[in-house]
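Coordinate inspection notes
Here is how the chains run, residue by residue.
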Amino acid sequence: MKEVTVAVVGCGRIAESAHFPALSQLENVRIKYACDLILEKAAKIKEKFSKVEQLITDYKIALSDPEVDAVYVLTPNYVHYTVTMDALRAGKHVFCEKPITVNYSMSREMSDEAEKQNRMLNIGVCNRYHKSVELLEEMNRNGKFGNIYHVYCSFRAFRSIPGLGGSFTDRAQSGGGVLIDWGVHYLDLILYILGGAKLKNLTCDTYCEMAKNMKEYKYRSMWAEDTKNTETGVNDVDDFVTGYIRTDKASISFNGAWAQNVDISDTYVDFLGDKGGARLSYGGKFTFFDGSTLSAETPEYEIPNMYLREDADFINSVLTGEKTRNHIDYVLESARLLDSLYKSAEIRKEIEC
Ligand SMILES: NC(=O)c1ccc[n+]([C@@H]2O[C@H](COP(=O)([O-])OP(=O)(O)OC[C@H]3O[C@@H](n4cnc5c(N)ncnc54)[C@H](O)[C@@H]3O)[C@@H](O)[C@H]2O)c1
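Residues numbered from 1 in each chain as written. Predicted model: local features only at pLDDT ≥ 70, side-chain atom pairs only at ≥ 80, totals over all residues.

Our focus in this paragraph is the nonpolar core. Counting 103 residues, the largest nonpolar core has Val6, Val8, Val9, Val71 and Ile190 as its most contacted members. The element contributing the most residues to this core is helix 8 (residues 178-193), with twelve residues. Residue-level mapping places this core at the junction of two domains, with at least three residues from each of domain 1 (4-126 + 307-312) and domain 2 (128-306 + 335-352). Discounting residues that sit within four places of it in the chain, valine 8 has contacts with Ala15, His19, Phe20, Ile31, Tyr33, Ala34, Cys35, Tyr72 and Leu74. (Core = buried A, V, L, I, M, F, W, Y, C linked by C-beta atoms within 7 Å. Buried ≥ 20, exposed ≤ 12 C-beta atoms within 10 Å, placed from the backbone. Helix = DSSP H or I, 4+ residues; strand = E, 2+ residues; numbered from the N terminus. Domains from an automatic or database assignment. Contact = placed C-beta atoms within 7 Å.)

Moving on, we get to the sheet that holds strand 11 (residues 266-273). To summarise the sheet geometry, strands pair through backbone hydrogen bonds and adopt either a parallel or an antiparallel arrangement. On the basis of which strands lie adjacent, the open sheet formed by nine strands has the order 14-13-12-11-7-10-9-8-15 and mixed pairing. Each edge of the sheet is formed by a strand with only one pairing partner; in this case those strands are strand 14 (295-297) and strand 15 (351-352). When strand 11 meets strand 12 (residues 276-281), the two strands line up antiparallel, connected through five bridges. From the neighbouring strand, leucine 272 faces strand 12, where its bridge partner is glycine 277. Together, strand 7 (148-156), strand 11, strand 12 and strand 13 (286-290) form the strand contacts of helix 6 (residues 131-141), whose direction differs from that of strand 12 by roughly 170°. (Pairing = 2+ DSSP bridges. Axes fitted to C-alpha atoms, helices over the stretch in contact; angles between N-to-C directions.)

Looking now at the packing of helix 5 (residues 104-117) against helix 10 (residues 332-347). Contact pair helix 5 / helix 10: the axes reach a minimum separation of 9 Å and the direction vectors enclose 165°. Put simply, helix 5 runs roughly antiparallel to helix 10. Our pair here, helix 5 against helix 10, has a crossing hand that is left-handed. Side by side, helix 5 and helix 10 meet where Tyr104, Ser107, Arg108 and Ser111 of the first sit next to Leu332, Ala335, Arg336 and Asp339 of the second. The class makeup of the residues in the contact of helix 5 with helix 10 is three nonpolar, two polar and three charged. (Parallel < 35°, antiparallel > 145°, perpendicular 65-115°, else oblique. Left-handed = near helix turned anticlockwise from the far one by under 90°. Nonpolar A, V, L, I, M, F, W, Y, C, P; charged D, E, K, R; others polar.)

For the ligand, the set of nearby residues contains 23 residues, the closest of which are Gly10, Gly12, Arg13, Ile14 and Glu97. For the shell around the ligand, the secondary structure elements donating two or more residues are helix 1 (13-25) and helix 4 (77-89). Per element, the largest residue contribution to the shell around the ligand is three residues, and it comes from helix 1. In the shell around the ligand, the residues fall into twelve nonpolar, six polar and five charged. (Near = placed C-beta within 6 Å.)

As structure tokens, then:
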């Protein structure tokens, strides 16, 4: 079996919780470098994952190493573009976390560069490897829903604004708030299940109400709290979003909140078809409602680790040259969707896509 040598750039939360565990399990992967601007973060990874060979703070060292076949880009959103472009130009294959980057035009450039360099570029829209999403996509392809005419989704939490001082709440670094961070997963999986729906027109509103005065914001817990810096950190991103999208297939309506003054967490997607419908609990299982028998069924199955599956598929595509479902070509429409939603919110008008 041929081995793929990788360098991982960015040793933060997603690296530690998802990709280092997955890459450590894959027998045909050699992890030559763990890279982080903060050496201690890379060192913590090396302590935990014995396959990691070397620690570096400058990713260009890995790019100039001819042994490195592929680079994992697990940095904040605004860094995705530069590291990915540099890696592709150095002849490396790239796996880049979601969202592709902070806007659609730069996402297109990344896609064009991958094409030009004839290298794989996959994006971490991991839900496409979630077993429930796979089953729903298959059921739709096999006509179980009839015509899916509308999809509704909710990704609302009571208190989930990330800590100040990191990239997630700084628009210049993240590209946006709850829409680009959480919405990307929901909207991407919807377009995927619908069979690659193409956008027609849409309208969207975003709000930064809960976070407009972070010093007054009361919370029970905060993720990314290790970056919390209430003195100098900024929050200029959306913490609530609502929108309506028309595609060549179904229409989609949605609400998302990093925080709201309703103490519930609603994270699900409803698919409404003329023969049947389904409610997908985000990250979990789904119930199918049959319109002709009026029965409901929640299928039983194991939910394998989606990160392991997406990493295995990426490594395999590097070896075979075959594009897989997370290849950037198949994810660009999701980036165009996010961009268009933010544009509509900015001008507060419906826009044609
Ligand atoms: N697919 C998912 O489920 C999922 C979940 C969480 C995060 N993410 C995505 O993963 C990315 C990282 O998120 P995170 O939560 O791990 O963030 P994080 O802040 O915990 O980690 C990012 C790391 O990148 C490092 N870094 C920044 N610039 C660098 C550079 N030039 N060279 C080397 N290292 C650099 C930082 O020091 C930090 O350690 C984001 O794009 C986020 O949207 C995806």
